[in-house]
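If you want the building blocks of each chain, they are given just below.
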Amino acid sequence: MDMKLELVSVPVSDIDRAKDFYVKAGFNADHDHTVSDEIRFVQLTPPGSACSIAIGKGLTAMTPGSLDNLQMVIGDAEAVRAELAGRGIEVSEVDEQPWGRFVHFSDPDGNRWALQELPAWSAGAGGSGENPGG
């Protein structure tokens, strides 16, 4: 049985500010629809991703900024960091860990993202999955 994660709600306080931020960060603005005075649905997709995020009004009871460590896999931490910084996104330096290289950023509400470059040995990066260091 396949189950594919397709949409994650990201709680924000200002829909237009958040939409502008994510588009600036390279996300595609797929859909923006006001259903009623109580519901507005905005769908954005990170480049290369099969999973999108939803921001809007009337979508979730979560507090804006309460998501911590939304994670995406990237191919090259330095390149992605440079791209985001070049787009005016405040992004961390590359954080080297035994299980990958990370860059981090937060949206205007403080929802935090981790972008992970998998280590060469990782099956997710095309390696054997066997960590030579243990």
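Predicted model, so just to flag it, every value in this text is computed and none were measured.

### Quick notes on the environment of R87
Turning to its location among the elements, R87 is positioned in the loop between α2 (77–86) and β6 (95–97). Taking the C-alpha atoms as reference points, R87 and D76, separated by 11 residues in sequence, lie 17 Å from one another. Leave out the neighbours within four places in its chain, and R87 touches V23, K24, A25 and G26.

### What about the pattern of salt bridges?
All chains considered together, the criterion is met by 10 salt bridges. The closest approach of N and O atoms between E93 and R81, which form a salt bridge, is 3.0 Å. Of the two residues, E93 sits in the loop between α2 and β6 while R81 sits in helix α2, which places them 12 residues apart along the sequence. The shortest N-O distance in the salt bridge between R87 and E83 comes to 2.7 Å. According to the relative accessible area criterion, E83 is partly exposed, its value standing at 43%.

### A word on the sheet that holds β6
Sheet architecture is open: 4 strands sit in the order β5-β8-β7-β6, paired in mixed fashion. Two strands bound the open sheet, and with one partner strand each, they are β5 (70–74) and β6. Sheet twist, expressed as the average angle between the axes of neighbouring strands with direction ignored, equals 30 degrees. Alignment of β6 against strand β7 (residues 100–106), held across 3 bridges, turns out to be antiparallel. Its bridge partner being in β7, D95 is matched across the sheet by F102. Here α2 sits on the sheet in contact with β5, β7 and β8 (112–117), set at roughly 15 degrees to β7.

The rules we used
- Residues numbered from 1 in each chain as written.
- Predicted model: local features only at pLDDT ≥ 70, side-chain atom pairs only at ≥ 80, totals over all residues.
- Heavy atoms only, no water.
- Helix = DSSP H or I, 4+ residues; strand = E, 2+ residues; numbered from the N terminus.
- Contact = heavy atoms within 4.5 Å.
- Salt bridge = Lys/Arg side-chain N within 4 Å of Asp/Glu carboxyl O.
- Buried < 20%, exposed > 50% of the residue type's maximum accessible area, 1.4 Å probe, protein only.
- Pairing = 2+ DSSP bridges.
- Axes fitted to C-alpha atoms, helices over the stretch in contact; angles between N-to-C directions.

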